[in-house]
Amino acid sequence: MTLADRLRTALAAEDHAPVLLPGDSVEPYNEGEPAPAAVLVAITDRSEPGVILTLRTDTLRRHAGQVAFPGGRIDPDDRDAVAAALREAEEEIALPRDAVELVGAADRYITVTGYAVTPVIGVIAPDLDYHPNEAEVADVFEAPLAFIFNPDNQIQASAEWRGRQRTYYEITWRDRRIWGATAAMIVNLSRRLRWVA
């Protein structure tokens, strides 16, 4: 069974563990409906798979310097979340759309900043040549699934944010701090896929 087939089987299982509550355990501060967004969870097809993550530039207006999946808002021209995730990955790190073997969409995650994010899972060849969009992405790196999916490495923390106590997850891999919505989606995926690497 290929990696993509294993992921599809795990994603389709109905007996997965409960996922995190949306919004990092607090209600979003935005009024109205959350804005639709999508990210690409690109998993490398190797004996010890990893996931591709980006380090956002320090000059961005929002979430500067944070680790994230490639992704963003779903534009009116995007057919769906899958199309948006593939477009954003191509724009941000020059990952060709046809280089991604689609697996499917995972549980939607609602962020405290008012986005409803659909993680789109895909399998890619290892060691592709990425070209980060310098305006948005400072670096592209691969973190091993065995590490980031290990509950021992998923640390729960809390901090006050906008006058409320916020509980969130963080994962530190090498010198990279993965936290907030990205870490929460990783925790969700580790429970949903029950990954054993």
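Residues numbered from 1 in each chain as written. Predicted model: local features only at pLDDT ≥ 70, side-chain atom pairs only at ≥ 80, totals over all residues. Heavy atoms only, no water.

(A) Examining the pairing of strand β10 (residues 164–173) more closely. Strand direction decides the pairing type here: β10 and strand β11 (residues 176–179), joined by four bridges, are antiparallel. Following the sheet pairing, Ile 171 is matched in β11 by Ile 178. The antiparallel pairing of β10 with β11 creates a hairpin that spans two residues between the two strands, and Arg 174 there sits at a positive phi of about 55°. (Pairing = 2+ DSSP bridges. Helix = DSSP H or I, 4+ residues; strand = E, 2+ residues; numbered from the N terminus.)

(B) Structural context of the packing of aromatic side chains. As enumerated under the stated definition, the model contains two aromatic pairs in all. Geometrically, the ring pair formed by Phe 141 and Trp 173 is stacked, given 6.1 Å between the ring centres and 10° between the ring planes. Residue Phe 141 is located in strand β8 (residues 137–144), and its partner Trp 173 is located in strand β10; the two are separated by 32 residues in the primary sequence. Residue Phe 141 shares its accessibility class with Trp 173, and that shared class is buried. Seen from their ring centres, Tyr 168 and Trp 179 are 5.5 Å apart, and the 65° between their planes marks the pair as edge-to-face. Pair noted here: Tyr 168 is in strand β10 and Trp 179 is in strand β11, with a separation of 11 residues, a long-range link. By relative accessible area, which is 10% here, Tyr 168 ends up buried. In this structure, Arg 176 is placed above the aromatic ring of Phe 141, and the distance from its NZ or CZ to the ring centre is 4.7 Å. Positioned above the aromatic ring of Trp 179 is the side chain of Arg 177, whose terminal nitrogen or guanidinium carbon lies 4.6 Å from the ring centre. (Phe/Tyr/Trp six-rings, centres within 6.5 Å; stacked < 30°, edge-to-face > 60°. Buried < 20%, exposed > 50% of the residue type's maximum accessible area, 1.4 Å probe, protein only. Lys NZ or Arg CZ within 6 Å of the ring centre and 35° of its normal.)

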